[in-house]
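# Reading the structure
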Amino acid sequence: MLKSFTIDQLYVGLNVSSNHVITDKKIKQFADISGDFNPIHLDPEFAEKTRFGKRIAHGMLVSSFISALFAMKLPGQGCIYLSQNLSFKNPVYINDTVVATIEVIAVDFSRKRVQFRTYCTVNNKIVIDGEAEIYIPD
């Protein structure tokens, strides 16, 4: 459901989350869209020989759930992504359920900019951690 918040409705601590199951189909679709055909994501025999032991999801696939939260839930319609930093902490495997969360950590009302902590977890363990800045137009 598409939501839209004005800058005046935002406050430190406001947060939203979403759940996403990582599937083989999503990984293959992301590879097709992005052009990232790294065998760690697609080839079970290759991935088996890595430190992960099996295929892992693209980090940018998992982090894209953060972008969707901004567009669809908080702040919503019309917001502009200005910056994002990400640290990839742990792998995400097929059939993992990723919980993506964004939380307001600062609001600059005069510049209409909002700072967010952004993170994704699997089984309550952080897999991606970061911060983002979003512009809220009139």
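In short, a report on the structure. This is a predicted model, so every value here is computed, not measured. (Residues numbered from 1 in each chain as written. Predicted model: local features only at pLDDT ≥ 70, side-chain atom pairs only at ≥ 80, totals over all residues. Heavy atoms only, no water.)

## Digging into the overall build of the protein
To keep things clear, this is the line we draw: A helix here means a DSSP run of H or I that spans at least four residues, while a strand means a run of E at least two residues long, and both kinds are numbered starting from the N terminus. Burial classification: accessible surface area is computed with a 1.4 Å probe over protein chains only, and a residue below 20% of its type maximum counts as buried, one above 50% as exposed, and the rest as partly exposed. Residues are treated as being in contact if the distance between any of their heavy atoms lies within 4.5 Å. All accessibility values rest on the Shrake-Rupley procedure with a 1.4 Å probe; residue burial counts only the protein chains present in the view. In this charge count, Lys and Arg are treated as positive and Asp and Glu as negative; neither His nor the chain ends contribute. The atoms used to mark charge sites are NZ of Lys, CZ of Arg, CG of Asp and CD of Glu.
Assigned secondary structure in the protein consists of 4 helices and 5 strands. Taken from N to C terminus, the helices and strands of the protein fall in the order β-α-α-α-α-β-β-β-β. Dimensions of the protein, computed from C-alpha atoms along their principal axes, come out at roughly 55 × 25 × 25 Å. Put simply, the protein has 138 residues, and 36% of those count as buried. Contacts in the protein between residues far apart in sequence, at least 24 positions, make up 66% of those at least 6 positions apart. Accessible surface, the protein: about 7800 Å² in total, of which carbon and sulfur atoms supply 51%. Each charge sign in the protein was given a centre, from 15 positive and 14 negative side chains, and these centres are 3 Å apart.

## Some points on the packing of aromatic side chains
Where we set the bar: Only centres within 6.5 Å qualify two rings of Phe, Tyr or Trp (six-membered ring in Trp) as a pair; their planes then separate them into stacked at under 30 degrees, edge-to-face at over 60, and tilted for everything else.
As enumerated under the stated definition, the model contains 2 aromatic pairs in all. Look at Phe 70 and Tyr 81: their rings are 5.1 Å apart centre to centre, the planes differ by 80°, and that puts the pair in the edge-to-face class. A residue pair is termed long-range when its members are at least 10 positions apart, and Phe 70 in helix α4 (residues 59–72) and Tyr 81 in strand β2 (residues 80–88) qualify at 11 residues. Classification of Tyr 81 as partly exposed rests on a relative accessible area of 33%. Where Phe 70 meets Phe 116, the ring centres are 4.8 Å apart and the plane angle is 70°; that geometry is what we call edge-to-face. In this pair, Phe 70 is assigned in helix α4 and Phe 116 in strand β4 (residues 113–122), connecting sequence segments 46 residues apart.

## Observations regarding the sheet that holds β4
Operational definition: Here, strands pair whenever DSSP counts at least two bridges between them. Angular values range over 0 to 180 degrees, each being the angle between N-to-C directions of two axes fitted as lines to C-alpha atoms, with helices fitted over their stretch in contact.
Spatially, 5 strands are ordered β1-β3-β4-β5-β2 in an open sheet, and the strand pairing comes out antiparallel. Pairing within the sheet leaves two strands with one partner each, and these edge strands are β1 (15–21) and β2. Averaged over all pairs of adjacent strands, the angle between their axes in this sheet comes to 20°, without regard to strand direction. Here 7 bridges tie β1 to strand β3 (residues 97–108), and the two strands are oriented antiparallel to one another. Bridged to Asn 19 within β3 is Val 99. Packing against the sheet, α4 makes contact with β1, β2, β3, β4 and β5 (125–135), and its axis sits at approximately 145° to β2.

## Quick notes on the pattern of salt bridges
Keep this limit in mind: Whenever Lys or Arg places a side-chain nitrogen within 4 Å of a carboxyl oxygen from Asp or Glu, that contact is recorded as a salt bridge.
The full count for this structure, using the stated rule, is 5 salt bridges. Here Lys 28 makes a salt bridge to Asp 24, at a shortest N to O gap of 3.0 Å. Taken together, the positions of Lys 28 and Asp 24, both in helix α1 (residues 24–34) and 4 residues apart, correspond to about one turn of that helix. The closest approach of N and O atoms between Asp 129 and Arg 117, which form a salt bridge, is 3.2 Å. Here the residue Asp 129 occupies a position in strand β5, and Arg 117 occupies one in strand β4, the gap between them amounting to 12 residues. When its relative accessible area of 21% is taken as the criterion, Asp 129 is described as partly exposed. Connected via shared salt-bridge partners are Asp 24, Lys 28 and Arg 55.

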